[in-house]
Amino acid sequence: MTTAEDRLLRRLEWQILRRLDGQLQGSYRTVFRGTGIDFADLREYTAEDDVRHIDWNVTARLDEPFVRQYTEDRELTAWLVLDLSASMRVSTAENGKDATLTELAVSLARLLTYGGNRVGAILYDNAKQLVLPPHAGRVHVLRLAHEIAKASARGPERGATDLAAMLRLAASTARRRSLVFVISDFIGEGWEPELTRLTFRHEVIAIRVVDPIELDLPDLGLVVVEDAETGEQILVDTGDPQFRLRLRAEVDAREAGVAEAMRRSGVRGHVVSTDEDPLQALVAMVRDTKRRRR
């Protein structure tokens with residue numbers, strides 16, 4: 001692998017492993033824990049249980065709801081589903097959405113493999129997809145960093161991102177129950193049903209990468225705005241109060257819609273902005289998830 005990727009990994013290891021080692025895992029129970037595949041026992045259903053764990057055959061025989069209990073795996077299989085579409089390559093910040101995605105993906109992969117877990121990855125844009133089967137170890141993380149760099153250098157395919165297809169690919173690829181991180185800006189439509197289906201078998205964590213200008217367009221006067229995915233260009237007056245009001249309403253509606261879609265899918269979404277340190281955001285995300293698990 002190139003020295004640039006090795007330098008990136010060394011920097012991330014130094015900055016984050018020493019801060020999160022022991023928080024992501026403890027006695028082989030991960031903070032982001034999925035349900036193990038080994039059946040252990042049955043017990044009566046309670047209001048706090050996940051309805052997906054109900055054993056309907058036993059429930060029908062006994063006329064009372066029972067849930068299956070599973071033993072957690074000592075080793076976790078995780079998948080990183082990475083959106084490398086056109087909208088992820090455009091940013092006004094020095095570190096764009098693609099750079100933020102790279103740091104998040106490589107950091108997560110190293111954190112998980114550091115504890116002996118296996119990590120696979122799906123690199124997706126509309127034109128080309130690459131699946132890296134789950135493996136452990138530092139060399140595997142270096143390969144992941146290398147493949148992301150290659151994909152970024154190749155350039156994205158024009159066209160609206162088919163996030164539904166990306167999630168279907170993840171569902172068909174990750175056969176064993178796994179922990180799935182989906183890292184994307186979630187710009188697109190029709191992805192909610194596929195995200196919901198993905199949660200039927202896997203524990204899914206959505207990390208949404210955003211550029212601040214997507215949330216609050218500054219007053220730049222007359223500017224040409226181009227849709228990164230379709231190439232469509234329009235001239236807008238960013239100083240027009242009426243335009244800013246309409247844009248604010250559209251942004252608020254979009255943000256509320258994305259959040260509600262994730263909630264309905266049973267997925268907790270985390271937002272990481274390109275103007276914040278991705279590693280700090282990851283630390284906060286792990287701590288927040290750990291606190292909610294208690």
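Before reading further, recall that the structure is shown in the block above.
Residues numbered from 1 in each chain as written. Predicted model: local features only at pLDDT ≥ 70, side-chain atom pairs only at ≥ 80, totals over all residues. Heavy atoms only, no water.

**What to know about the overall build of the protein**
Okay, step 1: Of the regular secondary structure elements, the protein holds 9 helices and 12 strands.
Okay, step 2: The burial tally for the protein puts 45% of its 294 residues in the buried class.
Okay, step 3: Sequence-distant contacts in the protein: of pairs separated by 6 or more residues, those separated by 24 or more amount to 74%.
Okay, step 4: Total accessible area on the protein stands at roughly 15,100 Å², and carbon and sulfur atoms take up 50% of it. (Helix = DSSP H or I, 4+ residues; strand = E, 2+ residues; numbered from the N terminus. Buried < 20%, exposed > 50% of the residue type's maximum accessible area, 1.4 Å probe, protein only. Contact = heavy atoms within 4.5 Å. Areas by Shrake-Rupley, 256 points an atom, 1.4 Å probe, with all protein chains shown as cover.)

**As for the side chain of Glu 103**
Okay, step 1: For Glu 103, the position within the fold is in helix α3 (residues 97–114).
Okay, step 2: Judged by relative accessible area, which is 15%, Glu 103 ranks as buried.
Okay, step 3: Setting aside residues no more than four positions away along its own chain, Glu 103 makes contact with Arg 11, Leu 12, Pro 278 and Leu 279.

**Describing unusual backbone geometry**
Okay, step 1: A positive phi is found at Asp 63, a non-glycine position, where the angle reads about 60°.
Okay, step 2: Looking at the element boundaries, Asp 63 is found in the loop between α2 (56–62) and β4 (66–71).
Okay, step 3: Of note, the phi angle at Phe 186 is positive, near 55°, even though the residue is not glycine.
Okay, step 4: Within the secondary structure, Phe 186 sits in the loop between β8 (179–184) and α6 (192–201).

**Let's talk about the nonpolar core**
Okay, step 1: Within the largest apolar cluster, 39 residues are counted, with the highest numbers of intra-cluster contacts made by Leu 80, Leu 82, Leu 144, Phe 181, Ile 183 and Ile 207.
Okay, step 2: Elements that contribute at least two residues to this core include exactly α1 (3–20), β5 (77–83), α3, β6 (118–124), α4 (138–154), β8, β9 (203–210) and α9 (278–293).
Okay, step 3: For this core, the element with the most residues is α3, which contributes 8 residues.
Okay, step 4: Setting aside residues up to four positions removed in sequence, Leu 144 forms contacts with Leu 80, Leu 82, Ala 105, Ala 109, Ala 121, Leu 123 and Leu 132.
Okay, step 5: Counting 22 residues, the second-largest nonpolar core is a separate cluster that includes Trp 79, Ile 122, Ala 165 and Ala 261. (Core = buried A, V, L, I, M, F, W, Y, C linked by side-chain atoms within 4.5 Å.)

**Structural notes on helix α5 (residues 163–173)**
Okay, step 1: Taken as a whole, α5 has its buried residues at Leu 163, Ala 164, Ala 165, Met 166, Leu 167 and Ala 170.
Okay, step 2: Residues of α5 that are buried make contact with β5, β6, β8 and α6.

**Focus: the pattern of salt bridges**
Okay, step 1: Following the criterion strictly, the structure yields 12 salt bridges and no others.
Okay, step 2: As a salt-bridge pair, Asp 252 and Arg 248 come within 2.9 Å of each other at their nearest N and O atoms. Of the two residues, Asp 252 and Arg 248 are both situated in helix α8 (residues 241–265); the distance of 4 residues between them amounts to about one turn of the helix.
Okay, step 3: A relative accessible area of 33% places Arg 248 in the partly exposed class.
Okay, step 4: Between Arg 263 and Glu 260 there is a salt bridge, with its nearest N and O atoms 2.5 Å apart. Highlighted residues: Arg 263 and Glu 260, both in helix α8, separated by 3 residues, approximately one helical turn.
Okay, step 5: Classification of Glu 260 as partly exposed rests on a relative accessible area of 28%. (Salt bridge = Lys/Arg side-chain N within 4 Å of Asp/Glu carboxyl O.)

**Focus on α3**
Okay, step 1: Helix length check: α3 (18 residues) gives 25 Å between terminal C-alpha atoms against 26 Å at 1.5 Å per residue, within 8%.
Okay, step 2: Of all the 18 residues making up α3, 15 are buried; the element is thus mostly covered by neighbouring parts of the structure.
Okay, step 3: Immediately beyond the C-terminal end of α3, within one or two residues, lies Gly 116, with a positive phi of roughly 90°. (Expected span 1.5 Å × (residues − 1).)

**Re the sheet that holds β5**
Okay, step 1: Taken in spatial order, the 6 strands make up an open sheet running β7-β6-β5-β8-β9-β12, and their pairing is mixed. Two strands in the sheet have a free side with no partner beyond their single neighbour: β7 (129–135) and β12 (268–273). Across this sheet, the average inter-strand angle for adjacent strands is 15°, counted without regard to direction.
Okay, step 2: Each of β5, β6 and β7 is contacted by α4, which is oriented at about 170° to β7, the strand it contacts most. (Pairing = 2+ DSSP bridges. Axes fitted to C-alpha atoms, helices over the stretch in contact; angles between N-to-C directions.)

**Quick word on the pairing of β6**
Okay, step 1: For β6, a buried count of 6 out of 7 residues is recorded, marking the element as mostly surrounded by other parts of the structure.
Okay, step 2: For β5 and β6, the ladder comprises 7 bridges, and the chain directions are parallel. The residue bridging Ala 78 from the neighbouring strand is Val 119, located in β6.
Okay, step 3: What sits between β6 and β7 in their antiparallel hairpin is a turn of 4 residues.

Coordinates in, geometry out; function isn't part of it.
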